[in-house]
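Residues per chain, in single letters:
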Amino acid sequence: MKIILIFLSLFFSVEKSISQINKEHLNLGENAPKIVGVNQFNVKIESDSILKSQKILLLFYRGNWCPYCKKHLASLQENLQKLTEKGIFVIVVTPEKVDKIQETTKKLKATYSIIHDVDNKIMKDYKVAFEVNEQTVTKYLGFTLKKIQDYNEANNNTLPVPATYLIDGNKKIAYVHYNPDYSERASFKEILSLL
C-alpha cells in the first residue's frame, strides 16, 4: 500500500520544467512584429491589414497532443463571439503540421484562424520559441520529443511558450500573458474585462 501511495504521489506531483526556458518576451507598449501566414481555411492572414479595423488577440499553442492546449483552445472557441463583438480578430499560431491543424480544427470545431508557423518565424519574432532538450524539458523528454516528431515538420524540435498577446490598432502590445509553465494560460474573462 505504501508503494502505491508513493507512486501516486510522485505521479501527481509532476515537476514543470520552466527554469531553463528563456523568460525574455515582448512587453506592454512594444511594437508587435508583423504576422503573415495562411490559416486552416486557406485564407491569407496579414496582421497589418487586420489592424486597420480590428485588434488582434494572438495565441500560441504547442499541439493538440497537449491537454492544456486543447482546454485553452476550447475555451477560446466558447469566448470567440464575445471577443469578436469587442472588435477582436483571433490568430492562433502553432508549429503543428497543416494536417494536424486540420485535426485540431475538427476536434474543437474551431472557427478562429490557426496558422502553421513556417520555420518558427512568428514564434521567434514574438520571443516564445524554445528548443526542446534536456535543459528545457527535464521530465518526460522522450514523450515530448515523440509527440513533436509526430506533430511538427521534420527536424523541428521547437515549441512555443503558450503565450497570449493583444495587439492594438497602433501595432503595439496592449496585453501580455507569458508564463513558461505550460499549465498556466491567459484568462479570456480577464482579457474581455480589459476591452
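This structure is a prediction, so every number in the text was calculated from the model and none was measured. (Residues numbered from 1 in each chain as written. Predicted model: local features only at pLDDT ≥ 70, side-chain atom pairs only at ≥ 80, totals over all residues. Heavy atoms only, no water.)

A. Molecular detail of the environment of His72. Locating His72 in the fold gives a position in helix α3 (residues 67-85). Using a relative accessible area of 9% as the deciding quantity, one classes His72 as buried. As a C-alpha pair, His72 and Ala186 span 114 residues in sequence and 8.4 Å in three-dimensional space. Residues in contact with His72, not counting those within four places in the same chain, are Leu59, Thr164, Arg185, Ala186 and Phe188. (Helix = DSSP H or I, 4+ residues; strand = E, 2+ residues; numbered from the N terminus. Buried < 20%, exposed > 50% of the residue type's maximum accessible area, 1.4 Å probe, protein only. Contact = heavy atoms within 4.5 Å.)

B. Structural detail: the pairing of strand β9 (residues 173-177). Where strand β8 (residues 164-167) meets β9, four bridges bridge the pair, whose relative direction is antiparallel. When the sheet's bridge partners are listed, Leu166 is paired in β9 with Tyr175. With antiparallel pairing between neighbouring strands as the criterion, β8 and β9 make up a hairpin whose turn holds five residues, including Lys171 at a positive phi of roughly 65 degrees. (Pairing = 2+ DSSP bridges.)

C. Region of interest: the sheet that holds strand β4 (residues 88-94). Across the sheet, which stays open at both edges, the five strands sit in the order β5-β4-β3-β8-β9 with mixed pairing between neighbours. In the strand order of this sheet, the two ends are held by β5 (113-116) and β9, each with one partner. Geometrically, the sheet is characterised by an average inter-axis angle of 20 degrees between neighbouring strands, direction not taken into account. As paired elements, β4 and β5 share four bridges and run parallel to each other. Paired with Ile91 across the strands is Ser113, a residue of β5. In the packing of helix α4 (residues 98-108) onto the sheet, contacts are made with β4 and β5, and the angle to β5 comes to roughly 160 degrees. (Axes fitted to C-alpha atoms, helices over the stretch in contact; angles between N-to-C directions.)

D. Fine view of the confidence of the model for the chain. Residues with a pLDDT of 70 or more make up 83% of the chain, whose mean pLDDT is 85. Segment residues 1-20 is flagged for pLDDT under 50; beyond a separation of four residues in sequence, or across chains, it makes 14 contacts in the model. (pLDDT = per-residue confidence, 0-100.)

E. Inspection of unusual backbone geometry at higher detail. We note that Lys109 has phi near 55 degrees; this positive angle belongs to a residue other than glycine. Using a relative accessible area of 66% as the deciding quantity, one classes Lys109 as exposed. The phi dihedral of Lys171 is positive, around 65 degrees, even though this residue is not glycine. Locating Lys171 in the fold gives a position in the loop between β8 and β9. Since its relative accessible area comes to 36%, Lys171 is described here as partly exposed.

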